[in-house]
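Notes for the structure review
Here are the chains, one letter per residue:
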Amino acid sequence: MTQLHHAATPLREETVPGGGHLSFVLKRGQILRLTDTDGGANVSMMMLNAHEKSERLNLPDTLKGQHTAKLTTGHCFYSDMGRVLTGIVADTCGWHDPFGGVLNAAETAEKYGQGRYQELRNGFYRNGMDNLLVEMGKWDLGLEDLLMVVNFFSKVSVDADGSFRFVSGFSQPGSFVELYAPMDTLIVLTTLQHPMDPNPEYAPRPVQLSWFTAEDTQACENALHTRAENDRALTNTHLFAL
């Protein structure tokens, strides 16, 4: 049974359609729930310090510091300043991919075809790189600020020969993951298929976002005290937030 750290009623909810993009500040003490409503979704997400945007998610440190190649409950997302941008406090999937990245326009066209606005209007084929840059521009960020992303709801394992393998059909309808923010964190996301998804059809899935206030911030942080490295990173976060 997944333990929840908030009341049942969210502060607000919003559905991001397949192929959509969004950015916002997840405030200190809030919890963001991502829900894969239909199954098979993928959410590519960047994270930055909302007040000092030069501080941003460092995935290599996140993985090395926690001795993992997948992300799930109890894992923190470290910044390049050794602080915790968010941490996973509830998860019904059990695996989120930190390696796959996003596709750019040329890669999307090569994989799915042109999918132009002239023929498809608002159904045109979007790509992860441009979607993220559109949202980043709203915060005075540009191409030089584009980061590695976490691909929520996607599982990429490693075969015996060392090759990455995308696991199709991994996330089921209703699967969710919850992120707790111990500091104000800028979230930038897009809902497009994982680059390694073998489906040749352009068919991104929607994701529901729900915002909550943590009922007990200490309980949230206790859920993240899974390693000494996390303890130090949370201490650094508290010092910054003073």
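Only a predicted model underlies this, so the values are computations on that prediction, with no experimental measurement involved. All residue numbers refer to position in the chain's written sequence, counted from 1. With pLDDT at 70 or above as the cut-off, local features in this predicted model cover only qualifying residues; side-chain atom pairs require 80 or more to be listed or tallied, and sums for whole chains, interfaces and linings still use all residues. To obtain the side-chain values, all non-hydrogen atoms of the structure were included, while hydrogens and water were left out.

Only DSSP runs of H or I with at least four residues qualify as helices, and only runs of E with at least two residues qualify as strands; both kinds are numbered from the N terminus onward. When you go through the protein residue by residue, the secondary structure sums to six helices and 12 strands. Scaling as 2.2 N^0.38, a compact globule of 242 residues should have a C-alpha radius of gyration of about 18 Å, and the protein matches this with 17 Å. On the principal axes, the C-alpha backbone points of the protein span a range of 55 × 45 × 35 Å. Burial classes follow relative accessibility: with a 1.4 Å probe on protein chains only, a residue under 20% of its type's maximum area counts as buried, one over 50% as exposed, and anything between as partly exposed. Sorting the 242 residues of the protein into buried and exposed places 51% on the buried side. Here, residues are in contact when the closest pair of their heavy atoms is within 4.5 Å. Excluding contacts between residues fewer than 6 apart, the proportion of contacts in the protein whose partners are at least 24 apart in sequence is 79%. Per element, the accessible surface of the protein, about 10900 Å² overall, is 51% carbon and sulfur. Within these notes, the globule rule equals 2.2 Å times the number of residues to the 0.38 power, and the radius of gyration is based on C-alpha atoms. To be clear on the numbers: accessible area is Shrake-Rupley with a 1.4 Å probe, and residue cover counts the displayed protein chains and nothing else.

Two joining distances apply to patches: 9 Å for like charges and 5 Å for nonpolar side chains (Val, Leu, Ile, Met, Phe, Trp, Tyr), and every residue must have over 30% relative accessible area and no salt bridge. Salt bridges are identified by distance alone: a Lys or Arg side-chain nitrogen within 4 Å of an Asp or Glu carboxyl oxygen. Taken together, the side chains of Phe99, Val158, Phe164 and Met196 present a nonpolar region at the surface, about 360 Å² in accessible area. Within the secondary structure, Phe164 sits in strand β9 (residues 164-166).

All right, on to unusual backbone geometry then. The backbone of His67 shows a phi angle near 55 degrees, a positive value even though the residue is not glycine. Residue placement: His67 occurs in the loop between α1 (59-66) and β5 (76-78). Judged by relative accessible area, which is 59%, His67 ranks as exposed. Look at Arg121: it is not a glycine, yet its phi comes out positive at around 50 degrees.

A pair of aromatic rings is counted whenever rings of Phe, Tyr or Trp (Trp by its six-membered ring) have centres within 6.5 Å, and the orientation is called stacked for planes under 30 degrees apart, edge-to-face for over 60 and tilted otherwise. Evaluation of the coordinates by the stated rule reveals six aromatic pairs. The interplanar angle of 25 degrees and the centroid separation of 5.4 Å between the aromatic rings of Phe99 and Phe164 together place this pair among those described as stacked. Of this pair, Phe99 sits in the loop between β6 (84-91) and α2 (105-112) while Phe164 sits in strand β9; the two residues are 65 residues apart in sequence, bridging distant segments of the chain. Residue classification places Phe99 among the partly exposed positions, given a relative accessible area of 38%. The structure contains a cluster of three or more aromatic residues connected by ring pairs, namely Tyr112, Tyr125 and Tyr202. Directly above the aromatic system of Phe176 lies the positively charged group of Arg33, at a separation of 4.0 Å from the ring centroid. Lysine NZ or arginine CZ positioned within 6 Å of the ring centre and within 35 degrees of the ring normal marks a charge as sitting over the ring. Above the plane of the ring of Phe124 lies Arg126, whose end atom (NZ or CZ) is 4.1 Å from the centre.

Right, let's talk about the sheet that holds strand β11 (residues 185-190) for a bit. Within a sheet, each strand pairs with its neighbour through backbone hydrogen bonds, oriented either parallel or antiparallel. Strands sit in the order β2-β11-β4-β7 across an open sheet of four strands; the sheet is antiparallel. The outermost strands of the open sheet, each flanked by one partner alone, are β2 (21-26) and β7 (150-152). Going from strand to strand, the sheet's axes swing by 30 degrees on average, the running direction of each strand aside. For two strands to count as paired, DSSP must find a minimum of two bridges between them. Two elements, β2 and β11, share six bridges in a ladder whose sense is antiparallel. Its bridge partner being in β11, Val25 is matched across the sheet by Leu186. Fitting a line to C-alpha atoms yields each axis, with helices limited to the stretch in contact; the angle taken between N-to-C directions then spans 0 to 180 degrees. Seen against the sheet, helix α4 (residues 128-137) touches β2, β4 (43-49) and β11 and runs at an angle of roughly 145 degrees to β11.

Within the secondary structure, Ala241 sits in helix α6 (residues 228-241). Separated by 73 residues in the primary sequence, Ala241 and Ser168 have C-alpha atoms spaced 41 Å apart.

Another aspect to go through is the sheet that holds β6. Pairing is antiparallel in the open sheet, where six strands are placed in the order β1-β12-β3-β10-β6-β5. A single partner strand is all that each edge strand has here, and the edge strands are β1 (12-16) and β5. Ignoring strand direction, the axes of neighbouring strands in this sheet form an average angle of 25 degrees. Here six bridges tie strand β3 (residues 30-36) to strand β12 (residues 207-213), and the two strands are oriented antiparallel to one another. What sits directly across from Thr35, in β12, is Gln208. Lying over the sheet, α6 contacts β5 and β6, oriented at roughly 60 degrees with respect to β5.

What follows deals with α4. What α4 keeps buried is the set Gly128, Asn131, Leu132, Glu135 and Met136. Buried residues of α4 fall within an arc of 135 degrees about the axis and therefore sit on the same side. Against β2, β4 and β11 lie the buried residues of α4. Within this analysis, the arc is defined by the directions that extend from the helix axis to the C-beta atoms.

Without other data, these values stay purely geometric and don't point to any function.
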